[in-house]
Amino acid sequence: MEFNADPGVTLRRRLWQLKITFVGDAPSIALVSGPEGRDVGRPVNLRSINTLIRSRPDEIAQRVAEAILGEPSARTEDAGS
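From a predicted model like this one, the values you see are computed outputs, not experimental measurements.

## A short note on the pattern of salt bridges
Evaluation of the coordinates by the stated rule reveals 4 salt bridges. Among the ionic pairs, arginine 63 bridges to glutamate 59, the shortest N-O distance being 3.5 Å. Judged by relative accessible area, which is 23%, arginine 63 ranks as partly exposed. Its relative accessible area of 17% is what places glutamate 59 among the buried residues. Where glutamate 66 meets arginine 63, a salt bridge forms, and the shortest distance between an N and an O atom there is 3.1 Å. Residue glutamate 66 and its partner arginine 63 are both found in helix α2 (residues 60-67); the two are separated by 3 residues, about one turn of the helix. Look at the salt bridges and you will find they share partners, linking Arg56, Asp58, Glu59, Arg63 and Glu66 into a network.

## Concerning the environment of proline 57
For proline 57, the location among the structural elements is in the loop between α1 (49-54) and α2. Remark: the alpha-carbon pair of proline 57 and leucine 15, spanning 42 residues in sequence, is separated by 9.8 Å. The contact partners of proline 57, leaving out residues within four places of it in the chain, are Arg13 and Arg14.

The rules behind these values
- Residues numbered from 1 in each chain as written.
- Predicted model: local features only at pLDDT ≥ 70, side-chain atom pairs only at ≥ 80, totals over all residues.
- Heavy atoms only, no water.
- Salt bridge = Lys/Arg side-chain N within 4 Å of Asp/Glu carboxyl O.
- Buried < 20%, exposed > 50% of the residue type's maximum accessible area, 1.4 Å probe, protein only.
- Helix = DSSP H or I, 4+ residues; strand = E, 2+ residues; numbered from the N terminus.
- Contact = heavy atoms within 4.5 Å.

Here it is as structure tokens:
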């Protein structure tokens, strides 16, 4: 975890980076960056922060896809189920 001069925090997990800016004690903006610059600075739904932080390493890409604002959730369920 890395603290910035701004009222915020940067969390790194594997190749993913989540930057969260706060106003007081509440998160106001969350941006995600992926491997090799993919999804650089893409805004994510603030309600998804806990899910992103708690996701397993093999789930991070899926959870990011679900959390990015303006993107439809990626579904992995078998359509025949």
